[in-house]
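# Fold and geometry: a report
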Amino acid sequence: MKAYEALSRVYDRLNADVDYEAFADLYEAVFRQAGIAPELVLDLGCGTGTLTLALAKRGYDMIGVDGSAEMLSQAYQRKYEAGADNLLFLQQDMCSFELYGTVGAVVSSLDCVNYLTGDGDLGRCFALVHNYLDPDGVFIFDVNTPYKFKHVYGDNAYILEDEGEDGACYCGWQNEYDEKTALCSFYLSVFAEGEDGRYRRFDEEQTERCYTAEELTAALMAAGFGDVHFYGSTTMDAPDEETERWFVTARCKK
Ligand SMILES: C[S@@+](CC[C@H](N)C(=O)[O-])C[C@H]1O[C@@H](n2cnc3c(N)ncnc32)[C@H](O)[C@@H]1O
């Protein structure tokens, strides 16, 4: 099954503890620091659109790009329920997307960049982000760190669970990390409770690629970015050796 084809059904339930408002707070802090007030923002790898909608509610006109029709269908539902009209969702690949014009900022949350697993993908994606950013616009993304791949994912297995309003959901998560290729496979088995109380199982495999700070910085500089910063949290703390998520910001030089 393609990545997120099945997982889209329970993605929001399994990520119920993600503080998307804190992500939005970080983005606005970076905008202020950079002295920009973007009107139009691209959410690259927008998934089910929770963050896209949070930013739209803060007054930004939003474009959400994602490769998964299933994730976007959840995003459309969310947009419809909120009655928001300042959101446009496009099904496109992060390495070959096309926009109608430039945007003031590009954000990409929850390790979308780690899903760029092919050689050259990072450069292709960053070059497009640069191409579609206004001069001095900012690019903000977060990635799982090499520490997390090695010590948290590793070859470990664990269970994620949620017992929310939409019924219970359990996800068995098995990892296989190959340090030589820097690729980590996730084997997911999800058991989700339906409205009739019965559980359905579905399985999905995903792959993420581990990028070092040097690789990310080099790819950003090669694409034409400057002022590259790495933070260890949404409140811009400095990262340390055990940081599991880097928040990376870069400025578009044109
Ligand atoms: C972990 S989810 C993050 C979703 C969302 N940004 C969030 O914060 O909830 C990763 C998303 O990246 C998308 N994705 C992965 N590789 C992609 C690619 N090459 N092009 C477009 N979307 C991609 C997936 O479809 C998925 O929705």
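Residues numbered from 1 in each chain as written. Predicted model: local features only at pLDDT ≥ 70, side-chain atom pairs only at ≥ 80, totals over all residues.

Below, the discussion takes up the sheet that holds strand S2 (residues 61-66). Spatial strand order, S3-S2-S1-S4-S5-S11-S10: 7 strands in an open sheet with mixed pairing. Only two strands of the sheet have a single partner each, and these edge strands are strand S3 (87-91) and strand S10 (225-231). In this sheet, neighbouring strand axes are inclined to one another by 15° on average, regardless of whether the strands run parallel or antiparallel. The sheet contact formed by S2 and S3 spans 5 bridges and is parallel. Paired with Asp 66 across the bridge in S3 is Gln 91. (Pairing = 2+ DSSP bridges. Helix = DSSP H or I, 4+ residues; strand = E, 2+ residues; numbered from the N terminus. Axes fitted to C-alpha atoms, helices over the stretch in contact; angles between N-to-C directions.)

Attention now goes to the site of the ligand. Around the ligand lies a shell of 18 residues, among which Gly 45, Gly 47, Gly 67, Ser 68 and Leu 110 are the nearest. Here the residues of the shell around the ligand sort into 9 nonpolar, 6 polar and 3 charged. (Near = placed C-beta within 6 Å. Nonpolar A, V, L, I, M, F, W, Y, C, P; charged D, E, K, R; others polar.)

Taking 1.5 Å as the rise per residue, helix H4 (residues 69-82) with 14 residues should run 20 Å; its terminal C-alpha atoms sit 20 Å apart, in good agreement. Taken residue by residue, H4 has Met 71, Leu 72, Ala 75 and Lys 79 as its buried positions. The arc enclosing the buried residues of H4, seen along the axis, measures out at 95°, which places them on a common side. Turned more than 90 degrees from where H4 packs its buried face, Ala 69, Gln 77, Tyr 80 and Glu 81 sit exposed. On its buried face, H4 is in contact with helix H1 (11-14), helix H3 (50-57), S2 and S3. Trailing H4 by a residue or two, Gly 83 shows a phi angle of about 65°, which is positive. (Expected span 1.5 Å × (residues − 1). Buried ≥ 20, exposed ≤ 12 C-beta atoms within 10 Å, placed from the backbone. Arc of directions from axis to C-beta. Contact = placed C-beta atoms within 7 Å.)

Given a rise of 1.5 Å per residue, 15 residues ought to cover 21 Å, and the 21 Å separating the end C-alpha atoms of helix H2 (residues 20-34) matches this to within 8%. Buried within H2 are the following residues: Phe 23, Leu 26, Tyr 27 and Val 30. Along the long axis of H2, the arc covered by the buried residues comes to 95°, so they all point the same way. Away from its buried face by more than 90 degrees, H2 exposes Ala 22 and Arg 32. Where H2 is buried, its residues meet H3, strand S4 (103-108), strand S5 (133-144) and strand S11 (245-252). Within two residues after H2, Gly 35 carries a phi angle of roughly 70°, on the positive side.

This part covers the environment of Tyr 187. Secondary-structure assignment places Tyr 187 in strand S8 (residues 183-193). For Tyr 187, a count of 14 C-beta atoms within 10 Å corresponds to the partly exposed category. It is 9.9 Å that separates the C-alpha atoms of Tyr 187 and Cys 171, two residues lying 16 residues apart in sequence. If sequence neighbours within four positions are ignored, Tyr 187 has contacts with Gln 174 and Glu 205.

What the 4 strands build is an open sheet, ordered S6-S7-S8-S9; its pairing is antiparallel. Both edges of this open sheet fall to strand S6 (157-164) and strand S9 (199-209), since each of them pairs with a single strand only. Across the sheet, the axes of successive neighbouring strands diverge by a mean angle of 20°, strand direction being ignored. Along the sheet, helix H6 (residues 146-153) contacts strand S7 (167-178) and S8; its crossing angle with S7, the most-contacted strand, is approximately 105°.

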